[in-house]
Amino acid sequence: MHVHLVFVTKYRLADVSAVVLQQSLRDLDTAYKNFFDSIKGKRQGRKIGPPRYKSKKDTRQSIRLNTNAFCLQDDGTVYLAKVGRLKVKWSRRLPAAPTSLTVTKDSSGRYFLSFVVDAEPNILPGLETDAGIDLGLSAFAVLSDGRKFESPRFLRRAEKKLKRLGRELSRKAKGSKNRARARIKVARQHAKVADRRRDWHHKASTQIIRDNQAVYVEDLAVSRLGRTRLAKSVHDAGWSAFVGMLEYKAVKHGRTFVKVDRAFPSSQVCAACAWEVLVSLQPTGPPASPIVASQEHFPHF
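Residues numbered from 1 in each chain as written. Predicted model: local features only at pLDDT ≥ 70, side-chain atom pairs only at ≥ 80, totals over all residues. Heavy atoms only, no water.

Peer 1: Go over the overall build of the protein chain, please, and point to the residues and values.
Peer 2: In terms of helices and strands, the protein chain carries six helices and eleven strands. Looking at the protein chain as a whole, 29% of its 301 residues are labelled buried. For the protein chain, the exposed area adds up to about 21400 Å²; of that, 54% sits on carbon and sulfur atoms. (Helix = DSSP H or I, 4+ residues; strand = E, 2+ residues; numbered from the N terminus. Buried < 20%, exposed > 50% of the residue type's maximum accessible area, 1.4 Å probe, protein only. Areas by Shrake-Rupley, 256 points an atom, 1.4 Å probe, with all protein chains shown as cover.)

Peer 1: Give a detailed account of empty space enclosed by the protein, specifying residues and quantitative values.
Peer 2: The tally for this structure, following the rule as stated, stands at one cavity of 30 Å³ or more. Taken as a whole, the largest cavity encloses approximately 40 Å³ of empty space. Lining the largest cavity we find F140, S151, P152, R153, F154, R197, W200, H201, D236 and A237. Among the secondary structure elements, those contributing two or more residues to the lining of the largest cavity are α3 (177–211) and α5 (231–237). Ranked by residue count, the leading element in the lining of the largest cavity is α3, at three residues. Per-class residue counts for the lining of the largest cavity are five nonpolar, two polar and three charged. (1 Å grid on protein atoms, 1.4 Å probe; cavity = no way out; pocket = protein on both sides within 12 Å on 5 of 7 lines; lining within 4 Å. Points joined across faces, edges and corners; volume = space filled by probe spheres on them. Nonpolar A, V, L, I, M, F, W, Y, C, P; charged D, E, K, R; others polar.)

Peer 1: Residue-level account of the confidence of the model for the protein chain, with values.
Peer 2: For the protein chain, the mean per-residue pLDDT works out to 85, and 84% of the residues sit at or above 70. Note that pLDDT drops below 50 for residues 1–8; the model gives that stretch zero contacts with residues more than four away or on any other chain. Between residues 287–301, whose pLDDT stays under 50, and residues either more than four places distant or in other chains, the model counts 48 contacts. (pLDDT = per-residue confidence, 0-100. Contact = heavy atoms within 4.5 Å.)

Peer 1: Before we move on, could you go through the layout of surface pockets and cite the residues and values that matter?
Peer 2: Put simply, the largest pocket is a space of about 1700 Å³. Together, 38 residues line the largest pocket, and S91, R92, F112, L113 and S114 are the ones closest to its centre. Those elements that place two or more of their residues in the lining of the largest pocket are β5 (100–105), β6 (111–116), α3 and α6 (239–252). Of all the elements, α3 adds the most residues to the lining of the largest pocket, at eight residues. Per-class residue counts for the lining of the largest pocket are 17 nonpolar, eight polar and 13 charged.

Peer 1: So what's going on with the sheet that holds strand β4 (residues 84–86)? Residues and values would help.
Peer 2: Spatially, β2-β3-β4 is the arrangement adopted by the three strands of the open sheet, whose pairing is antiparallel. Two strands bound the open sheet, and with one partner strand each, they are β2 (70–72) and β4. If you compare each strand with its neighbour and ignore which way they point, the axes differ by 25° on average. For β2 and strand β3 (residues 78–80), the ladder comprises three bridges, and the chain directions are antiparallel. (Pairing = 2+ DSSP bridges. Axes fitted to C-alpha atoms, helices over the stretch in contact; angles between N-to-C directions.)

So, in structure tokens, the structure goes:
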């Protein structure tokens, strides 16, 4: 007779804050509601699947707390229920008292605290200028006034080091501590690339919003372009994140933001005199038009 002994590790629910468990249940309820609304056609956008269990291999973790489970201390620390006081390196002052807190651990082992606060919009003085933006790969953005933002290509520049770290990771035995350390090195390098790209997006989008009263951007099909042979360059550019920054900063600073339909033939219209040009970019309008027949000078706006 063979007896199989099964050892079960028991996790006490009292070891974590009750607020974390409640928020997880609320997230699950929201996920199921969105799933069924998507099936019935009540939810706009593309179809979404049912909620899935989190993978044990996923190194990104997060919890969300309300004001009952955290508080800000006078000495600059943050108190979390069932955790204690945390020393925090603040990136900026909070404009108001926070209503919720999300603690996130990324794949490189870094922890971030994200606060939700109610803030008033910072309306900038009105301007008479507007800008149409043509997003691309050779040049990241070309504005209708002729300005160019060259593509920084952070991933391409870090590709050599990423390949070397990837080779080192592949040589390590699976499940070993050396492999875990090598994985963290790769994750930290990817995090540096993402941080540099995000910082560059913030600086460029802030400059455009401050210099123009209205901003027009083409509604690009990034998900489709991400499945072509240009996928790596498209993801390296980060168009979606950049457009999202323009949109929320326009609302914050009292600017106008418009997404132009991708079917609009903007590349065939002269930005200066509104005459149509041929697909070959040869002008059909008057020869005195100040715009040179170059694709970079016909921004999508």
